[in-house]
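Commentary on secondary and tertiary structure
Read off the chains here:
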Amino acid sequence: MSMELLDKSGLAYFWTKIKAYFAPSVVSSASRSADIAADGTFTVPSYTVGKQQLLVYLDGCLSRQGDGWDEVGTAGDASTTIKFNQLIPMDMEIVVRVN
């Protein structure tokens, strides 16, 4: 077996890649230069439309899909956008987690 497969830098690199693969993607926005209007869009990490992969929190409270926001795109396709159904003030914290 090659020693380069066992050295710490190789294992650290491997572990970094494994964590990145299994860890959920998260985007957080605590302040913006303007409000997000009702029906306005917001960029999130890539997800598959229709797979219920997103958790959206507004000021720490879980927002339900269909009530506070909706996915944007065609079912089964990848997307990086959601649409808010209400005005989101510029100082409201938005946290989106993709599972």
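A brief look at the structure comes next. Here the structure is a predicted model, which means the values were calculated and not measured.

Let us look at the pattern of salt bridges. In the structure shown here, the tally under the stated rule is two salt bridges. Put simply, Asp39 and Lys83 hold a salt bridge, and the shortest N to O gap is 3.7 Å. One end of the pair, Asp39, is in the loop between strand E1 (25-29) and strand E2 (41-48); the other, Lys83, is in strand E6 (residues 78-84), with 44 residues separating them in the sequence. You can call Asp39 exposed: its relative accessible area is 52%. The partner of Asp67 in a salt bridge is Arg64, with the nearest N and O atoms 3.3 Å apart. Both residues of the pair, Asp67 and Arg64, count as exposed.

Looking at the secondary structure, you find Ser29 in strand E1. Using a relative accessible area of 11% as the deciding quantity, one classes Ser29 as buried. A polar contact is formed between the side chain of Ser29 and the side chain of Arg32, at a distance of 2.8 Å. Apart from residues lying up to four places away in sequence, Ser29 is in contact with Phe42, Met92, Glu93 and Ile94.

What follows concerns the packing of aromatic side chains. As enumerated under the stated definition, the model contains one aromatic pair in all. Ring geometry for Phe42 and Phe84: centres 6.0 Å apart, planes at 55 degrees, overall tilted. Of this pair, Phe42 sits in strand E2 while Phe84 sits in strand E6, and the two are 42 residues apart along the sequence.

The next thing to look at is the nonpolar core. Formed by 16 residues in total, the largest nonpolar core has its most connected members in Phe42, Ile82, Phe84, Ile94 and Val96. Put simply, the parts of the chain that give this core at least two residues each are E2, strand E3 (54-58), E6 and strand E7 (94-98). Contacts of Val96, omitting those with residues within four sequence positions, involve Ser25, Val26, Val27, Phe42, Val44, Leu54, Leu55, Val56 and Ile82.

Time to look at the sheet that holds E3. Strand order in the open sheet formed by four strands is E1-E7-E3-E4, and the pairing between neighbours is antiparallel. Whereas interior strands pair on both sides, the edge strands pair on one side only; in this sheet they are E1 and strand E4 (61-63). Neighbouring strand axes in the sheet, compared pairwise and without regard to direction, differ in orientation by 25 degrees on average.

Right, let's get into the sheet that holds strand E5 (residues 69-71). The strand order across the open sheet built from three strands is E2-E6-E5, with neighbouring strands paired in antiparallel fashion. Strand pairing shows two members of the sheet lacking a second neighbour, E2 and E5, which therefore form its edges. Adjacent strand axes in the sheet meet at a mean angle of 30 degrees when their direction is disregarded. Here E5 pairs with E6 via three bridges, running antiparallel. Each bridged residue has a counterpart across the sheet, and for Glu71 the counterpart in E6 is Ile82.

Parameters and conventions
- Residues numbered from 1 in each chain as written.
- Predicted model: local features only at pLDDT ≥ 70, side-chain atom pairs only at ≥ 80, totals over all residues.
- Heavy atoms only, no water.
- Salt bridge = Lys/Arg side-chain N within 4 Å of Asp/Glu carboxyl O.
- Helix = DSSP H or I, 4+ residues; strand = E, 2+ residues; numbered from the N terminus.
- Buried < 20%, exposed > 50% of the residue type's maximum accessible area, 1.4 Å probe, protein only.
- Polar contact = N/O pair within 3.5 Å; in protein donor to acceptor, adjacent residues only side chain to side chain.
- Contact = heavy atoms within 4.5 Å.
- Phe/Tyr/Trp six-rings, centres within 6.5 Å; stacked < 30°, edge-to-face > 60°.
- Core = buried A, V, L, I, M, F, W, Y, C linked by side-chain atoms within 4.5 Å.
- Pairing = 2+ DSSP bridges.
- Axes fitted to C-alpha atoms, helices over the stretch in contact; angles between N-to-C directions.

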